[in-house]
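Per-entry structural report
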Amino acid sequence: MILTIDIGNTNIKTGLFDGAKLVNSWRMSTSKERTADEMGIMMESFFYHIGHKPREVEGIIVSSVSPSINYTVEHMCSLYFDLKPLFVGPGIKTGMNVRYDDPRALGADRICNSVASYRLFGGPQINVDFGTATTFNVVDENRVFRGGVICPGLSTGLRALGERCEQLPQVHLASPKNAIGTNTESCMLSGSVLGTAVLLDGIAQRIEEELGRPATL
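Heads up: these notes are all about the structure in this document.

Criteria and cut-off values
Residues numbered from 1 in each chain as written. Predicted model: local features only at pLDDT ≥ 70, side-chain atom pairs only at ≥ 80, totals over all residues. Heavy atoms only, no water. Helix = DSSP H or I, 4+ residues; strand = E, 2+ residues; numbered from the N terminus. Buried < 20%, exposed > 50% of the residue type's maximum accessible area, 1.4 Å probe, protein only. Contact = heavy atoms within 4.5 Å. Pairing = 2+ DSSP bridges. Phe/Tyr/Trp six-rings, centres within 6.5 Å; stacked < 30°, edge-to-face > 60°. Axes fitted to C-alpha atoms, helices over the stretch in contact; angles between N-to-C directions.

**Comments concerning the side chain of T134**
- In this fold, T134 is placed in strand β8 (residues 133-139).
- Overall, T134 belongs to the buried group, its relative accessible area being 2%.
- Apart from the residues lying within four places of it in its own chain, the contact partners of T134 are V128, D129, V149, I150, C151, P152, G153 and L154.

Listed below in structure tokens is the structure:
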């Protein structure tokens with residue numbers, strides 16, 4: 001079996017694969033203070049919960065946008081899986097040609113998203129990842145990564161409003177009932193959620209105009 005680990009800014013997501021079949025997946029919060037042993041014990045508990053053992057894993061591949069905890073994850077893999085993980089990054093051959101000013105600066109998550117979605121849907125395409133940041137990634141019909149767009153994520157934007165604006169509260173992400181909010185919280189949700197929906201439509205349209213043809217979203 002293969003263990004995949006996606007280290008994000010907010011969560012660490014894992015997927016356990018038996019061939020092409022996803023056996024199970026789980027997530028834990030991203031914490032720079034967590035030790036390799038703490039992470040390993042959590043991973044062991046996930047495995048035992050689904051009736052598997054860590055030593056059944058034959059390989060581990062990691063996508064990370066939080067380099068400060070990469071060593072902790074690598075050390076955990078060595079201690080609890082007896083394996084050295086493969087990190088997605090410069091030098092890894094994915095079959096995708098990257099047309100980016102500095103390919104080394106391209107996030108591993110954006111590479112993984114684009115390789116996977118191209119395999120599923122071909123190109124030209126725009127794949128969008130709504131995480132701590134919202135990223136748009138553009139791949140053409142020739143499997144060339146053309147670039148994209150990075151915006152604040154939904155929760156990130158809401159949290160920033162509450163932190164930076166003295167009279168605005170912290171609001172948990174939810175679906176707005178109307179475009180016209182009738183209190184501060186509903187106004188913030190309308191702006192964040194519906195604003196992101198309009199952003200999605202508008203950015204996708206502009207990307208298609210620059211490509212000169214329709215793209216799968």
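**Describing the sheet that holds strand β6 (residues 97-98)**
- Read across the sheet, four strands follow the order β6-β9-β8-β7 without closing on themselves; strand pairing throughout is mixed. Two strands in the sheet have a free side with no partner beyond their single neighbour: β6 and β7 (125-130).
- Examined bridge by bridge, β7 and β8 share six bridges and lie antiparallel to one another. Across the sheet, the residue bridging to I126 is V138, located in β8.

**Description of the packing of aromatic side chains**
- Taken as a whole and assessed by the stated rule, the structure comprises four aromatic pairs.
- Consider the rings of F47 and F81, whose centres lie 5.6 Å apart with planes at 65°: the pair is edge-to-face. Placement of the pair is F47 in helix α1 (residues 36-49) and F81 in the loop between α2 (70-80) and β5 (86-87), with a sequence separation of 34 residues. Of the two residues, F47 and F81, neither departs from the other in class, the shared state being buried.

**Remarks on the sheet that holds strand β1 (residues 2-7)**
- The strand order across the open sheet formed by five strands is β3-β2-β1-β4-β5, and the pairing between neighbours is mixed. If you trace the sheet from one side to the other, it starts and ends with β3 (21-29) and β5, each paired once.
- α2 rests against β1, β4 (59-64) and β5 of the sheet, and its axis sits at about 160° to β1.

Purely geometric numbers; function is a separate question.
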